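# Analysis of the macromolecular model
Next come the chains, spelled out residue by residue.
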Amino acid sequence: LSMSDEGSGEGGMACQVRIRMSDGAQVTHEFSSTQTLQAVHDWVAEKHGDGDFALIVPGPPSIRQEFGPSPDTLVATLHASGLAPMGSLTLQPTSKKNKVSVAPEGSTFQSKKRRGGGASDGGRFGGMSDVRGGGGDMAAMGG
């Protein structure tokens, strides 16, 4: 598409978008920040060979966003979507969407609310003295 090759044309700033494909490969392409997510979706569909996917902004649920495959989710510009001047998206085929809805047999999902108090925090930051002490013991055991 000539439109996606224009990069920073149409008055928008250049916008680097990195996309993790379904096979794990990463591709980067420069769009204009004024282009819509539909332009990104079309470009990826051309590379991927299939338009039946969503583009996911990876991260925790508070910042995670999903765009596509329905056109009404692809109308925002890259700038409005927070992907300018650079952003990352992950391709998720709709055939894999909602694949894991329950824990596998013998497993359980852990609630995010189960956080330890000071003990787990102390372990994270207090580990340096333990490492030094452990290193001495390891040296004595190894030598």
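### Observations concerning the environment of Asp42
Within the element layout of this structure, Asp42 appears in helix 2 (residues 37-48). Here Gln38 takes part through its side chain, which lies 2.8 Å from a polar atom of the side chain of Asp42.

### Observations concerning the pairing of strand 2 (residues 26-32)
The side chains of a regular strand alternate between both faces of the sheet. Pairing of strand 1 (residues 14-20) with strand 2, which is carried by 7 bridges, proceeds in the antiparallel orientation. Paired with Ile19 across the strands is Val27, a residue of strand 2. Linking two consecutive strands that pair antiparallel, namely strand 1 and strand 2, is a turn of 5 residues; a positive phi of about 95° is found at Gly24 within it.

### A few points about unusual backbone geometry
The omega angle of the peptide bond from Gly68 to Pro69 is 0°, so this bond is cis rather than trans. Mapped onto the secondary structure, Pro69 falls in the loop between strand 4 (65-67) and strand 5 (86-93). Cis geometry marks the peptide bond from Ala84 to Pro85, where omega comes out at 5°. With respect to the secondary-structure elements, Pro85 resides in the loop between strand 4 and strand 5.

### Some words on the nonpolar core
Grouped together as the largest cluster of nonpolar side chains are 20 residues, with contacts concentrated most on Val17, Ile19, Val40, Val44, Leu78 and Leu89. When residues of this core are assigned to their parent elements, the largest contribution, 5 residues, is made by helix 2. In contact with Leu89, other than residues within four places in its own chain, are Val17, Arg18, Ile19, Arg20, Val40, Leu55, Ile56, Val57, Pro58 and Leu83.

Thresholds applied
Residues numbered from 1 in each chain as written. Predicted model: local features only at pLDDT ≥ 70, side-chain atom pairs only at ≥ 80, totals over all residues. Heavy atoms only, no water. Helix = DSSP H or I, 4+ residues; strand = E, 2+ residues; numbered from the N terminus. Polar contact = N/O pair within 3.5 Å; in protein donor to acceptor, adjacent residues only side chain to side chain. Pairing = 2+ DSSP bridges. Core = buried A, V, L, I, M, F, W, Y, C linked by side-chain atoms within 4.5 Å. Buried < 20%, exposed > 50% of the residue type's maximum accessible area, 1.4 Å probe, protein only. Contact = heavy atoms within 4.5 Å.

Shape is all these values report; function is a separate question.
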